Amino acid sequence: MMKKWLSILFIGLSFIGFSQSQEELYKKGIQLMDAYQSKEAYEVFTKLYDIDPNNADYAARLSSSCSRYGVSMPTEAERIKYYEKAEDLAKKAIALDNKNAEAHFAYALALGRINENASSKQKIANAKLIKTEAEKTIALDPKHAGAYHVLGRYHKTIAGFNAMEKAMINAFFGGVPEGGTYEDAENAFIMCCKLEPDYILHFYELADTYRLNKKVELAKAVLKKALQIKVTTEEDKKRYKNCQELLEDIS
């Protein structure tokens with residue numbers, strides 16, 4: 001009888017230790033994502049997803065990691081492979097938990113990445129869904145900076161469509177979707193900068209939107225703020241250089 005209870009106790013303690021190790025690994029993954037260490041975050045969430053593929057959080061975070069890590073791939077074919085994987089994982093995460101904010105964000109992010117290399121027709125077909133998923137994220141988590149960023153990119157893209165692309169929008173939607181102006185994009189990126197004041201990409205996108213909307217002085221002011229942000233990652237270095245180049249171009 002004693003052996004039986006010892007065995008049960010051992011199994012219970014092993015399970016607790018295993019759960020704690022998952023929790024610690026998950027926290028590490030979040031820290032890596034917050035630090036924009038995409039490759040390392042992707043590796044951590046791949047491990048977690050392999051342990052429990054029916055965990056919505058793991059699927060959503062792995063999806064976001066795929067979208068971020070995929071950017072660094074050397075060829076378009078490799079990037080698309082990661083983005084399509086991100087889309088599949090996000091859909092699964094939403095199916096597992098429709099109230100998971102990160103799952104909806106991951107879906108919007110994956111579609112946004114796919115649109116970077118898509119035809120005008122596919123971009124327009126995905127546009128409404130990207131907006132819908134970003135807004136669902138914000139409804140579930142009003143302080144989700146990533147969702148505001150995706151929404152800002154959506155508005156910026158729609159605002160920049162040419163006459164032919166706008167005609168295609170009319171064919172798909174019966175008119176331009178709600179929003180889709182540079183002012184809408186500005187408001188979204190301003191919110192991003194408030195929520196994540198240390199992330200240089202938000203400032204770059206806001207400044208570029210001001211530039212496109214012919215608000216050059218505002219663009220300059222934002223870029224000067226961006227260049228005061230501490231650079232900590234390789235991605236930051238690239239964005240810092242982009243800010244420098246944009247400031248030179250508009251000065």
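A. Seen up close, the overall build of the protein. Counting secondary structure elements, the protein contains 12 helices and zero strands. Starting at the N terminus, the α and β elements of the protein follow one another as α-α-α-α-α-α-α-α-α-α-α-α. Counting the 251 residues in the protein, one finds 45% classified as buried. Within the protein, contacts between residues separated by at least 24 positions form 57% of all contacts whose residues are at least 6 apart in sequence. Of the roughly 13,700 Å² that the protein leaves accessible, carbon and sulfur atoms contribute 54%.

B. Inspection of the nonpolar core at higher detail. In terms of nonpolar packing, the biggest core is built from 60 residues, with Phe45, Leu62, Cys66, Val150 and Leu223 touching the most fellow members. Tallying contributions element by element places helix α5 (residues 101-115) first for this core, with eight residues. Among residues more than four places away in sequence, those in contact with Val150 are Phe105, Ala108, Leu109, Ile130 and Ala134. Among the nonpolar cores identified, the runner-up in size contains six residues, and Ile124, Ala127, Ile158 and Phe161 belong to it.

C. Fine view of unusual backbone geometry. One non-glycine residue, Tyr36, lies in positive phi territory at about 55°. Tracing the backbone shows Tyr36 in the loop between α1 (2-34) and α2 (38-51). Phi angles above zero are rare outside glycine, and Lys214 is one such case at about 60°. With respect to the helices, strands and loops of the structure, Lys214 is situated in the loop between α10 (200-212) and α11 (216-226). Residue classification places Lys214 among the exposed residues on the basis of a relative accessible area of 73%.

D. Geometry of the confidence of the model for the protein. On average, residues of the protein score 88 in pLDDT, and 89% of them are at 70 or above. Averaged pLDDT values for the elements of the protein fall to 64 in α1 and rise to 98 in α11. With pLDDT under 50 throughout, residues 2-18 is counted as low confidence; its partners more than four residues away or in other chains account for one contact.

E. Quick look at the packing of aromatic side chains. All chains considered together, the criterion is met by six aromatic pairs. Note on Tyr26 and Phe45: the rings are 5.9 Å apart at their centroids and 80° apart in plane angle, and the pair reads as edge-to-face. Here Phe45 lies in helix α2 and Tyr26 lies in helix α1, a separation of 19 residues in the sequence. Accessibility assignment for this pair places Tyr26 and Phe45 in one class, buried. Their ring planes at 40° and their centres at 6.0 Å tell us that Tyr26 and Tyr58 sit as a pair that is tilted. Pair noted here: Tyr26 is in helix α1 and Tyr58 is in helix α3 (residues 56-70), with a separation of 32 residues, a long-range link. Under the relative-accessibility criterion, Tyr58 is labelled buried at 7%.

F. How the structure looks around helix α6 (residues 120-140). The terminal C-alpha atoms of α6, which comprises 21 residues, lie 30 Å apart, in line with the 30 Å expected from a rise of 1.5 Å per residue. Of all the bends found along α6, the most pronounced is centred on Asn126 and spans about 35°. Along α6, the positions that sit buried rather than exposed are Ile124, Asn126, Ala127, Ile130, Lys131, Glu133, Ala134, Thr137 and Ile138.

G. Focus on the pattern of salt bridges. Going through the model one piece at a time under the given rule, you end up with 15 salt bridges. Between Glu23 and Lys27 there is a salt bridge, with its nearest N and O atoms 3.6 Å apart. Of this pair, Glu23 and Lys27 both sit in helix α1, four residues apart, roughly one helical turn. For Arg113, the salt bridge identified is with Glu116, shortest N-O distance 3.4 Å. What emerges from the salt-bridge pattern is a single network uniting Arg113, Glu116, Arg153, Lys156, Glu205, Asp208 and Arg211.

Definitions and cut-offs
Residues numbered from 1 in each chain as written. Predicted model: local features only at pLDDT ≥ 70, side-chain atom pairs only at ≥ 80, totals over all residues. Heavy atoms only, no water. Helix = DSSP H or I, 4+ residues; strand = E, 2+ residues; numbered from the N terminus. Buried < 20%, exposed > 50% of the residue type's maximum accessible area, 1.4 Å probe, protein only. Contact = heavy atoms within 4.5 Å. Areas by Shrake-Rupley, 256 points an atom, 1.4 Å probe, with all protein chains shown as cover. Core = buried A, V, L, I, M, F, W, Y, C linked by side-chain atoms within 4.5 Å. pLDDT = per-residue confidence, 0-100. Phe/Tyr/Trp six-rings, centres within 6.5 Å; stacked < 30°, edge-to-face > 60°. Expected span 1.5 Å × (residues − 1). Bend = angle between axes of the 7 residues up to and from the residue. Salt bridge = Lys/Arg side-chain N within 4 Å of Asp/Glu carboxyl O.

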